[in-house]
Each structure stands twice: as structure tokens, then as C-alpha cells.
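Here is how the chains run, residue by residue.
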Amino acid sequence: MRRLFAIIAVFFGLGLAPVLAAEGGGEIEKRDWSFEGVFGHFDKAALQRGFQVYREICASCHGLDYIAFRNLSALGYSQAEIKAIAAEYEVTDGPDDAGDMFQRPAIPADRFPAPFANENAARAANGGAYPPDLSLIVKARPDGANYLYSLLVGYDDPPADLQMPDGMYYSRVYSGNQIAMPQPLFGDDVVFALGGDTSMEALAADVTAFLAWTAEPELESRKRIGIAVMLFLVVMCFVSYGSMRYIWADVEK
Amino acid sequence: MASPQFKNPLVKWIDHRLPVFSYMHHELHEYPTPKNLSYLWNLGSLAGLALVVMIITGIILAMHYTPHVDHAFDSVERIMRDVNHGWLIRYIHMNGASFFFIVVYLHIFRGLYYGSYKAPRELLWMLGVVILLLMMATAFMGYVLPWGQMSFWGATVITNLFSAIPLIGESIVTWLWGGFSVDNPTLGRFFALHYLMPFVIVAVVMLHLIALHRFGSGNPLGIDVSGQQDTIPFHPYYTSKDLFGAMVFLTIFASAVFFYPNYLGHPDNYIPANPLQTPAHIVPEWYFLPFYAILRAIPDKLGGVLFMFGAIAVLFILPWLDRAPVRSGRFRPLFKIFFWLFLADCVLLGYLGGKPAEGVYVTWSRLATAYYFVHFLLILPLLSVVENTRPLPASISMPVTKGGK
């Protein structure tokens, strides 16, 4: 039995090696996130602050294709608040009865409109670089939350011996140390209606938490259901072990 | 083979005309099974359980999935976000593939250690290798369906292997793709085949079970059952033991699904496929890494492909490579050492498969690949001749001779 578990452990180890292999180039800072671990959950106040950072800073270049305004209820907004937020955006609808497309205010069922009409328009506006959609960014990078946070606070002056090409910025974190995104956060970039720390680090942490939610909106219910399932299965392990021993009691070794 | 007497008149009426109840009674109830099976004999039923879980979750996923290059990635995200508990179904399916392979690989190593491939169970073993091959094809095509970066580039690398075939290789690859690159026709056929293959696996599993029930399970001592005192009925003894094993398996499985669902996956597959941008390192899923290492260890493309398929092909002829009459590794002191060396070699190959093919990793990959084949083609045939095996116990009921543990 012990040997069996050793073999399982070896196989898990075999799975780990490639997953943990980092891409190099980056100094990634580890932080404690409320959504980590078995009992992980989102801090709704942080998500709302992060959402504001996204709207006021990131959204000018980065889309959020997979998020609809209705999803914001998970951040603690009421239906009326969500309607009001959606109404601030214009979306293209149609065709109408005359066959024409038209603009109208967004409703909760709409997704966040993309900042650019298409990839070419995005590249043209950003010196050739394509700002990726952020819906899944935390899941799409190794150690996503820590990586994103470190990237946002990881800007620096380039070393004296490094000649930076035009339109590139020095990053301690980004692979190859050259990133096309200018430093987005400096501290005090936004004003929170309810107050809150607006240092660069705090804003980066808040927007990272928000993007962790957009990547895994199911995280809280997944972990909650998971705990119930684990409790059930552990009990069933004992029950089935007991019944096995009871049945096997008359078998001579 | 006396038919059981059924009390229920309807069951009796049906069984007289269609003896399914007698059949189930013979094969699942009274089926005599060695009484000394260890927990390593749980792995077969666990593999069956994993297959059923994969088929059920897969059918549900297929109801919501769209096999089109423009919609595949979006439809998977829709399953994750908008389908009721779609995230649960997908995470079970995604991790289920890994756990299916964990269980099957352990099942195979159990067979290797206890000589489960030896007469009269050669065909049983070979059918198992067929199942492994079918699983690999199915898993590969399934990984392409979400149409992420690794899906696309993995499909490109693996299908390109066929271009190594002399003369007709390029034509075969074009034929497989349905075009001149991995594109919409490729995705469509991969989806169709990914849906079909599991049912082919079910059919081969049936054959595997028919072959198993012909002579019954082997056992840790590797000796034949000598009479009724050595066996117990499958039900309720092994049904209860398999149930316990299933609960332990599901507990470990659930902990991955609910708490670390993306641990065994690759983050790049959450980036939509982009034919214009190659990822820095293209790595397959972990269960292919040992074979990927063998593929890359050979400096020649065709050679690499041949050795990779050879790594599986050698399993087919294993019953004729290891001619030692003693089945169980327990009574083979030298074999035992080489078994663990071989296991370590496979783990090493898996590690190397996940590393970039450069520098010291290439050297190690070549050594590990060489040892993989030396084990089967040299060590096992040699051991069958030179090894002094320990004395076998007289019977399963009386294993207390000096040789046994």
C-alpha cells in the first residue's frame, strides 16, 4: 500500500516538472491572495476597486470579451447599479427594420465592448503591439496572479548598457525584459469613492484580483462544492473500507 | 457451469430465452478470483470507472461544444461560464484524462512487475496495449478541441510526424489535415474521431475482459490457482474491495478537480490558437512526455518517429521477450532490480520530455531512450536465461515457503 502511494507520488512528480518550468526572464513576487487555497474566496471590495482600475486604465487598450455586465452581480453590485454601469457603454446592434446597424446604450445582457474594432486597428493604435484580451489572462500565464501583479509593479529604468528600442519599456518581469506596454500604474491613478489605498502596489493587487475573478468566476462555488464533495467522499472511504473488512472477515489469509 | 435458480418468474422467463442473468451471475458474482490479490489489482476496475466518467462527461460537453476554428475556444469558455455547472463537467473531463492515464500506467507497471503478460495471458496483455494506443489517439485529439495555443501547435507537431514517411509522407499529412495546415477541416475530423474512439475503446475493453475471464486474474504470487481453497467469489469480496478503491480514487480525483483543476494543464491553452505565433516551448500533456522525449532523442526525424512507435510496439512482443517461466517479480531477485530501474527510466524520460531539447537534456534523453529499449530487448531476454529464481510456494493457500515474502 505504501509502495502504491509512492508510485502515485512519482507520477504526480512527473506531471509537475513541465508545469512548473518557468519561462525565464522574470522576477516574480509571491503574494498571499484571498482566492488561493482550499477555502479561497474573493474580496468583493477589492474586486470592485479592481474593476474601477480596469475601467479607467486598462480598458482603453484591453478588452474583456468573455464578461457580460450581468456577471458583475458577483462583485456585489445590485441590478440597478449594473444597469447604470452598462448604460455608460454604447454597443452596436441591428440590423433594424430598414437594414441598418445602430448604436444603443448597453444592457446587462451585453458583453463589454472591445476597445478596438479588430486586431489590425489595435496594432495600428499601439505601435504594432497587440494588447491581449484580459478575461483569461490570469489563467493563461504560469503562476498567473503573481505574474500579473509583478508585471504591473515591475517597471524600471533600463540598465545603462541596455539600448531600448523605440516604443519598448524595461520590465524586470516580462520575458526578455522588453515590453511594449507603457507603465500603466504609478499610484493615485484613480480616486475610490469609498476611499482605499491608491498606492501603485494596492492598485496592482486590486486589478489582479479582479482579473483573477474574470478568469475563474466559478472559483468560489467550485471550492464550496469541493469541500462538500470531499467530506462526502472521505466518509464514503471509511464506510466502504468498513464494509470491505466486514465482508472479508471470513477469508483465511 | 450450472445455471443459478432464479426465484423471480419474470427473470426466470427472460433468462431461459436470453441468459443475461446467468451470464452476469457467472462473470460478476461467482467468478472465482484468487483470494490474495493486493490493492494493485484494483487498477483495472478504476480504469473502467475512469472510462465511464470520461464518456458521460464527454457526451455532455459535446452537446455544448462547437467544432469550428472561429467558435471552438469561445464555446469552451461558454461551457465554463454560462452552462449550468459546465465548469464542473469540463474540469472532470480535463482532469479525467490525466487520471485515466495515471491509473492505466500504474495498471501496466503492475502487469510488468507481476508478469501478467505471460502465458496463457498474452492476448489479454496485447489487447491492453491496443487500448493504450487508442487512449493516446483519443487524448491527443481531445486536447486539440479547445483550440488553444497548445492544441493548435501540438496538433501541428504531431501530425507533421507523418511527413517523415519516405515518398508519401507529405501527401499523408495533407490528407490528415484536409488542407495545407491544421485548420477547420482538421478540427472537424478530430472532433468526430474523438467522439468515436471511446466507443472503440469500450469494444476492446470487452475483449480484454473476455480474455481476462478465460483464465481469471493473475495474482501477486504468480502461480496458478490449484483449487477452490485458493479462490473466492468475485461478489461480494472483490466488489466491496473495488468499491473502496473507487472511493479512494474519487477522493484524490475530486481534490484535483475542485482545488487544482489547471495544475496538470498548460497555461498556454487558455490563449486562443494563433497560427502566426509559435509558443516558446511546445510541450504535450504530461502523459505523452516519455514518448516525446524518445521522439526528440533521435537526431533523425524518421528514426525518432520509428523509435517512438517502437516504444509501444515492443510491449506487443513482450510476452516473447521475457521467457522466464516464473511470473511474479517477487521470486525474481534480479528482475526486481531491473524493474525499478526501468520505472525510474520512464520517469526520467517523462521529466526530459518536458525540458527543451538542448544541451545536457539531449544527452540524457538519448541515454534514457537507449536504456528503455535495452531493458526490453537485452535485459529481459537475458534474465530469462541466467536468473536464479527463488522457489515458488506450493499454492496460494500455503505461501509459507522460504522464497515468498
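Just so you know, these numbers come straight off a predicted model, no measurement behind them.

## Some thoughts on the overall build of chain A
Logical step 1: Secondary structure summary: chain A contains 7 helices and 4 strands in total.
Logical step 2: Here chain A holds 253 residues, and the buried ones make up 28% of them.

## A short note on the overall build of chain B
Logical step 1: Broken down by element type, chain B carries 15 helices and 2 strands.
Logical step 2: Taking 2.2 N^0.38 as the reference for a compact globule, 405 residues should give roughly 22 Å; the C-alpha atoms of chain B span a radius of gyration of 23 Å, in line with that estimate.
Logical step 3: Overall size of chain B, expressed as C-alpha extent along the three principal axes, is 65 × 60 × 45 Å.
Logical step 4: Of all 405 residues assigned to chain B, the portion counted as buried reaches 41%.

## Some remarks on helix 2 (residues 44-56) of chain A
All names here are of chain A.
Logical step 1: Its 13 residues place the ends of helix 2 18 Å apart at the C-alpha level, agreeing with the 18 Å of an ideal helix rising 1.5 Å per residue.
Logical step 2: Where helix 2 is concerned, the buried positions are A46, L47, Q48, R49, G50, F51, V53 and Y54.
Logical step 3: In the core, the buried residues of helix 2 are packed alongside helix 6 (200-215).

## Regarding the environment of W340 of chain B
Logical step 1: With respect to the helices and strands, W340 of chain B occurs in helix 14 (residues 333-353).
Logical step 2: With 231 residues separating them in the primary sequence, W340 of chain B and F109 of chain B have C-alpha atoms 9.9 Å apart.

## So, the interface of chain A and chain B
Logical step 1: Between chain A and chain B, the residue contacts involve 39 residues of the former and 39 residues of the latter.
Logical step 2: Here the residues of the side of chain A that touches chain B are counted per class, giving 28 nonpolar, 5 polar and 6 charged.

## A closer look at the confidence of the model for chain A
Logical step 1: Put simply, chain A has an average pLDDT of 90, and 90% of its residues get 70 or more.
Logical step 2: Note that residues 1-24 of chain A has pLDDT below 50 and, in this model, 28 contacts with residues that lie over four places away or in other chains.

## Let's talk about unusual backbone geometry
Logical step 1: For the peptide bond that leads from G94 of chain A to P95 of chain A, omega is 5 degrees, which places it in the cis range.
Logical step 2: Cis geometry marks the peptide bond from H235 of chain B to P236 of chain B; its omega dihedral reads 5 degrees.
Logical step 3: Structurally, P236 of chain B is set in helix 10 (residues 234-259).
Logical step 4: Non-glycine residue W147 of chain B carries a positive phi angle of around 60 degrees.
Logical step 5: Turning to its location among the elements, W147 of chain B is positioned in the loop between helix 6 (122-144) and helix 7 (149-160).
Logical step 6: Phi at L167 of chain B takes a positive value of approximately 65 degrees, unusual for a residue other than glycine.
Logical step 7: Along the chain, the position of L167 of chain B falls in the loop between helix 7 and helix 8 (169-177).

## Re the packing of helix 3 (residues 43-64) of chain B against helix 5 (residues 86-113) of chain B
Residues and elements named next belong to chain B.
Logical step 1: Packing of helix 3 against helix 5 brings their axes to within 8 Å, and their N-to-C directions diverge by 155 degrees. Judged by the inter-axis angle, helix 3 sits roughly antiparallel to helix 5. Seen along the crossing, helix 3 lies across helix 5 with a hand that is left-handed.
Logical step 2: The class makeup of the residues in the contact of helix 3 with helix 5 is 17 nonpolar, 8 polar and 2 charged.

## Section: the nonpolar core
Logical step 1: In terms of nonpolar packing, the biggest core is built from 85 residues, with A50, F100, V103 and I294 of chain B touching the most fellow members.
Logical step 2: The dominant element in this core, judged by the number of residues it contributes, is helix 5 of chain B, at 17 residues.
Logical step 3: In this structure, F69, A140 and L148 of chain A together with I271 of chain B belong to the second largest nonpolar core, which totals 45 residues.

## A few points about the environment of Q79 of chain A
Logical step 1: Along the chain, the position of Q79 of chain A falls in helix 3 (residues 79-87).
Logical step 2: As for Q79 of chain A and F69 of chain A, which are separated by 10 residues in sequence, their C-alpha atoms are 9.9 Å apart.

## As for the confidence of the model for chain B
Residue and element names in this part refer to chain B.
Logical step 1: Within chain B, residue pLDDT values average 95, and 98% of them lie at 70 or more.
Logical step 2: Residue range residues 401-405 is modelled with pLDDT below 50. Its contacts to residues more than four positions away, or to other chains, number 14 contacts.
Logical step 3: Among the scores for the predicted complex, ipTM is 0.91 and pTM is 0.93.

## A closer look at the environment of V347 of chain B
Residues and elements named next belong to chain B.
Logical step 1: Its location among the elements puts V347 in helix 14.
Logical step 2: V347 sits in the partly exposed class, given 19 other C-beta atoms within 10 Å.
Logical step 3: Sequence separation between V347 and L289 is 58 residues, and the spatial gap between their C-alpha atoms is 9.3 Å.

Cut-offs and rules
Residues numbered from 1 in each chain as written. Chains lettered and ligands numbered in written order. Predicted model: local features only at pLDDT ≥ 70, side-chain atom pairs only at ≥ 80, totals over all residues. Helix = DSSP H or I, 4+ residues; strand = E, 2+ residues; numbered from the N terminus. Buried ≥ 20, exposed ≤ 12 C-beta atoms within 10 Å, placed from the backbone. Rg over C-alpha atoms; globule rule 2.2 N^0.38 Å. Expected span 1.5 Å × (residues − 1). Contact = placed C-beta atoms within 7 Å. Nonpolar A, V, L, I, M, F, W, Y, C, P; charged D, E, K, R; others polar. pLDDT = per-residue confidence, 0-100. Axes fitted to C-alpha atoms, helices over the stretch in contact; angles between N-to-C directions. Parallel < 35°, antiparallel > 145°, perpendicular 65-115°, else oblique. Left-handed = near helix turned anticlockwise from the far one by under 90°. Core = buried A, V, L, I, M, F, W, Y, C linked by C-beta atoms within 7 Å.

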